[in-house]
Amino acid sequence: MIGISVFIIDFGKGLLSVFIVNNLYSADFTLMALALFSAVLAHCFSPWLNFKGGRGIATAAGGASALFPVLLFLWIAFWVLMYLFKKDIHLSNIVATVMVILVSIFYSDLLNKYSTPPAESNLLFGTYVSIIMLIVLY
């Protein structure tokens, strides 16, 4: 029960940060991605906890559900496939995160079309997704 509560709060943190910026600045991808980046960074390196924190997966998932839901679906699919193969949660997290980084770089032209709103350029899309995922990976 505690784990579900923590997941909901962390997921809401990422979702709310993107939602607030979306409503304040009329769907600007860069600002929404920066809000998600900030939420994930603050979650992973909280100044209240001596710059320690969680992994940021649920926070990133919350923001991704609003900003790039296709990538969230891909991350979940990669995670499930790896978990079925190896039965290791941590390895599944790592593989799914690395795969999302690779997919966001090599297929940014396709995936950018499905982000809400799309980034100004495919390079910008791949860069923001990669940076956010690298924080989660770290």
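Residues numbered from 1 in each chain as written. Predicted model: local features only at pLDDT ≥ 70, side-chain atom pairs only at ≥ 80, totals over all residues. Heavy atoms only, no water.

1. A closer look at the nonpolar core
Next, step 1: Core analysis: the largest hydrophobic core is formed by 31 residues, its most contacted members being Phe 29, Val 40, Phe 68, Phe 125 and Met 133.
Next, step 2: In this structure Phe 29 touches Leu 67, Phe 68, Ser 115, Pro 117, Pro 118, Ala 119, Glu 120, Leu 124, Phe 125 and Tyr 128, once residues within four positions along its chain are discounted. (Core = buried A, V, L, I, M, F, W, Y, C linked by side-chain atoms within 4.5 Å. Buried < 20%, exposed > 50% of the residue type's maximum accessible area, 1.4 Å probe, protein only. Contact = heavy atoms within 4.5 Å.)

2. As for the packing of aromatic side chains
Next, step 1: For the coordinates displayed, the defined rule picks out seven aromatic pairs.
Next, step 2: Pairing Phe 29 with Phe 68 gives two aromatic rings, centres 6.4 Å apart and planes at 50°, and the pair type is tilted. In this pair, Phe 29 sits in helix 2 (residues 29–44) while Phe 68 sits in the loop between helix 3 (57–67) and helix 4 (69–86), placing the two residues 39 residues apart along the sequence. A single burial state applies to Phe 29 and to Phe 68, both of which are buried.
Next, step 3: Taking the centre distance of 6.1 Å and the plane angle of 70° together, the rings of Phe 29 and Tyr 128 count as edge-to-face. Here the residue Phe 29 occupies a position in helix 2, and Tyr 128 occupies one in helix 7 (residues 122–137), the gap between them amounting to 99 residues.
Next, step 4: A relative accessible area of 0% means that Phe 29 is categorised as buried.
Next, step 5: Three or more aromatic residues link up through ring pairs in this structure, and these residues are Phe 29, Phe 68, Phe 125 and Tyr 128. (Phe/Tyr/Trp six-rings, centres within 6.5 Å; stacked < 30°, edge-to-face > 60°. Helix = DSSP H or I, 4+ residues; strand = E, 2+ residues; numbered from the N terminus.)

3. Observations regarding the confidence of the model for the protein
Next, step 1: Of all residues in the protein, 100% have pLDDT values of 70 or greater, and the mean over the chain is 91.
Next, step 2: By mean pLDDT, helix 6 (residues 108–113) is the weakest element of the protein at 91, and helix 4 is the strongest at 95. (pLDDT = per-residue confidence, 0-100.)

4. Re the packing of helix 4 against helix 5 (residues 89–106)
Next, step 1: For the pair helix 4 and helix 5, interaxial distance at closest approach is 8 Å and the crossing angle is 140°. Between helix 4 and helix 5, the interaxial angle falls into the category oblique. The interaxial crossing formed by helix 4 with helix 5 has right-handed handedness. Residue-level inspection shows Leu 71, Leu 74, Trp 75, Phe 78, Trp 79, Met 82, Tyr 83 and Lys 86 of helix 4 in contact with helix 5, the latter providing Ile 89, Leu 91, Ser 92, Asn 93, Val 95, Ala 96, Thr 97, Met 99, Val 100, Val 103 and Ser 104.
Next, step 2: In terms of residue class, the contact of helix 4 with helix 5 is made up of 14 nonpolar, four polar and one charged. (Axes fitted to C-alpha atoms, helices over the stretch in contact; angles between N-to-C directions. Parallel < 35°, antiparallel > 145°, perpendicular 65-115°, else oblique. Left-handed = near helix turned anticlockwise from the far one by under 90°. Nonpolar A, V, L, I, M, F, W, Y, C, P; charged D, E, K, R; others polar.)

5. Some words on the side chain of His 43
Next, step 1: Here His 43 lies in helix 2.
Next, step 2: The residues contacting His 43, other than those within four sequence positions of it, are Asp 10, Lys 13, Gly 53, Gly 54, Arg 55, Gly 56 and Thr 59.

6. Some remarks on the environment of Ile 94
Next, step 1: As for its position among the elements, Ile 94 is in helix 5.
Next, step 2: The partly exposed category is assigned to Ile 94, whose relative accessible area is 43%.
Next, step 3: Ile 94 sits 61 residues away from Ala 33 along the chain, and the two C-alpha atoms are 21 Å apart.

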